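Listed below are the residues making up each chain.
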Amino acid sequence: MAVVGLSGRLARCYCLRAVRSSLRVPALQLHVSKTAMGASQKDFESAVNQVKLLKKDPGNEVKLKLYALYKQATEGPCNTPKPGLFDLINKAKWDAWNALGDLPKETARQNYVDLVSGLRSSSDSSSQVKPEADKKQAGYETLVITSEDHITKIMLNRPAKKNALNTQMYQEIMLALEAASKDDSTITVFTGSGDYYSSGNDLTNFTDIPPGGVEEKAKNGAILLRDFVDCFIDFPKPLVAVVNGPAVGISVTVLGLFDLVYASDRATFHTPFSHLGQTPEGCSSYTFPKIMGLAKAVEMLIFGKKLTAGEAYAQGLVTEVFPDSTFEKEVWTRLKAYSKLPRNAMRISKQIIRNHEKEKLHAINAEESSILQERWLSDECVNAVMNFLSQKAKL
Ligand SMILES: CCCC/C=C/CC(=O)SCCNC(=O)CCNC(=O)[C@H](O)C(C)(C)COP(=O)(O)OP(=O)(O)OC[C@H]1O[C@@H](n2cnc3c(N)ncnc32)[C@H](O)[C@@H]1OP(=O)(O)O
């Protein structure tokens, strides 16, 4: 029977990954924040000096993070041969640096500065009260959330996996949106850490099969998807996407539910659903034709045409495109100005604009999720996911 076959193949995928992860040192996840404006060379040099003055030893894990960020900030991606298996210290340092992948130098520099600033405040801290600005919210593993200038920034933070959304990240985003809807910020911003905005659904989500088998997996996935997209439909404040790099799959489709989409000219927008044996989600089957017209929506959603930032702007999916070199600076200057506008007026205006369609969007979301539940069990989808996972397996 087809289902038994699929289940077996997914189980084999799972084993492949288990072997693979047992052979590899886990990637370091850097939970450091990147403030709105990039750190200057002077800030970076000052942070390098401050490390020497720390009163408390920060421990090996943090020292490795500092080492890796320093190397990435000064030399770029890891460019030295991997040390031998028994050269433990140099191997740990190499692994930490290598785990940063293509993280841009400026981001590494900023993350270094933020990490040192966190270390300084925790080492001087006991008696000090943290300033209101730039508070990093604790308790999230896949996100870095900061609040500054009445802006809550939710940064997807799995740069080594191109910010692919795993189950934990979906859940944390829902929690973060719930918290942001109630905090005193005026606007909420999504962005990505590293060179990608997001590579969409983490395809390894498909490998973790529960005792109820692939049907239960698909059912849980559909519930998660529906709940996740509902949070965007219902979000009451202006929601802004700062698309710092390529965006794939669900990270593109939900953009139709955002109020502003600012893109770097490095960003691309790709929804390869047919290639993956899947179908549109995030209400894109409705929002995309409405935003860009049926012909262009079909090109993206059925034929998987990848748009440049300029094309996405021309088709109305993106509000404005900025040169990558000035992207962060220009966008955050703009957002800081907007965040000073009266909070209630913005919230009520959003309600007036969006409320007519809420019910319809919820119905569309339910339908898209239920269709995907079936799709995930199809041969087409299973083969596409297996194909990706086996190409990426480094055995
Ligand atoms: C429950 C709700 C479900 C909602 C459903 C949503 C549908 C979608 O979102 S469909 C879109 C799914 N995404 C993709 O198909 C993208 C897959 N990834 C890629 O094609 C490529 O990785 C890339 C084009 C994004 C980047 O290629 P590049 O060569 O630059 O880098 P890589 O070496 O491939 O990636 C680095 C690292 O990251 C891992 N990774 C990247 N994307 C994903 C992903 N979507 N899922 C899982 N893992 C991903 C990749 O495997 C590499 O990991 P390793 O360094 O460990 O090999």
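Residues numbered from 1 in each chain as written. Predicted model: local features only at pLDDT ≥ 70, side-chain atom pairs only at ≥ 80, totals over all residues. Heavy atoms only, no water.

Trainee: Could you give an account of the pairing of strand S4 (residues 187-192), naming the residues involved and the relevant values?
Mentor: The buried fraction of S4 is high, at 6 of 6 residues. Side chains Ile-187, Val-189 and Thr-191 project from S4 onto one buried face, and the interleaved Thr-188, Phe-190 and Gly-192 project onto a second face that is buried too. As paired strands, strand S3 (residues 151-156) and S4 are joined by 6 bridges and run parallel to one another. Bridge pairing links Leu-156 to Gly-192 in S4. With respect to chirality, the unit in which S3 leads through helix H6 (residues 167-182) into the neighbouring parallel S4 is right-handed. In this fold, the crossover linking S4 to strand S5 (residues 239-243) by way of helix H7 (residues 213-234) has right-handed handedness. (Buried < 20%, exposed > 50% of the residue type's maximum accessible area, 1.4 Å probe, protein only. Helix = DSSP H or I, 4+ residues; strand = E, 2+ residues; numbered from the N terminus. Pairing = 2+ DSSP bridges. Right-handed = clockwise from strand over helix to strand, strands pointing away.)

Trainee: Account for the state of the cysteines, naming residues and giving values.
Mentor: This structure, assessed with the given rule, holds 0 disulfides. Left unpaired, Cys-283 is separated from the closest cysteine sulfur, that of Cys-231, by 12 Å. A relative accessible area of 0% places Cys-283 in the buried class. (Disulfide = S-S within 2.5 Å.)

Trainee: Residue-level account of the pattern of salt bridges, with values.
Mentor: For the structure on display, the rule yields 14 salt bridges. With a shortest N-O distance of 2.4 Å, Glu-178 and Lys-182 are connected by a salt bridge. With Glu-178 and Lys-182 both in helix H6, this residue pair falls 4 residues apart, about one helical turn. As a salt-bridge pair, Asp-259 and Lys-350 come within 2.7 Å of each other at their nearest N and O atoms. Taken together, the residues Asp-259 in the loop between helix H8 (250-253) and strand S7 (260-264) and Lys-350 in helix H13 (residues 343-355) connect sequence positions 91 residues apart. The buried category is assigned to Lys-350, whose relative accessible area is 8%. Members of the salt-bridge network, linked through shared partners, are Asp-259, Lys-350 and Arg-354. (Salt bridge = Lys/Arg side-chain N within 4 Å of Asp/Glu carboxyl O.)

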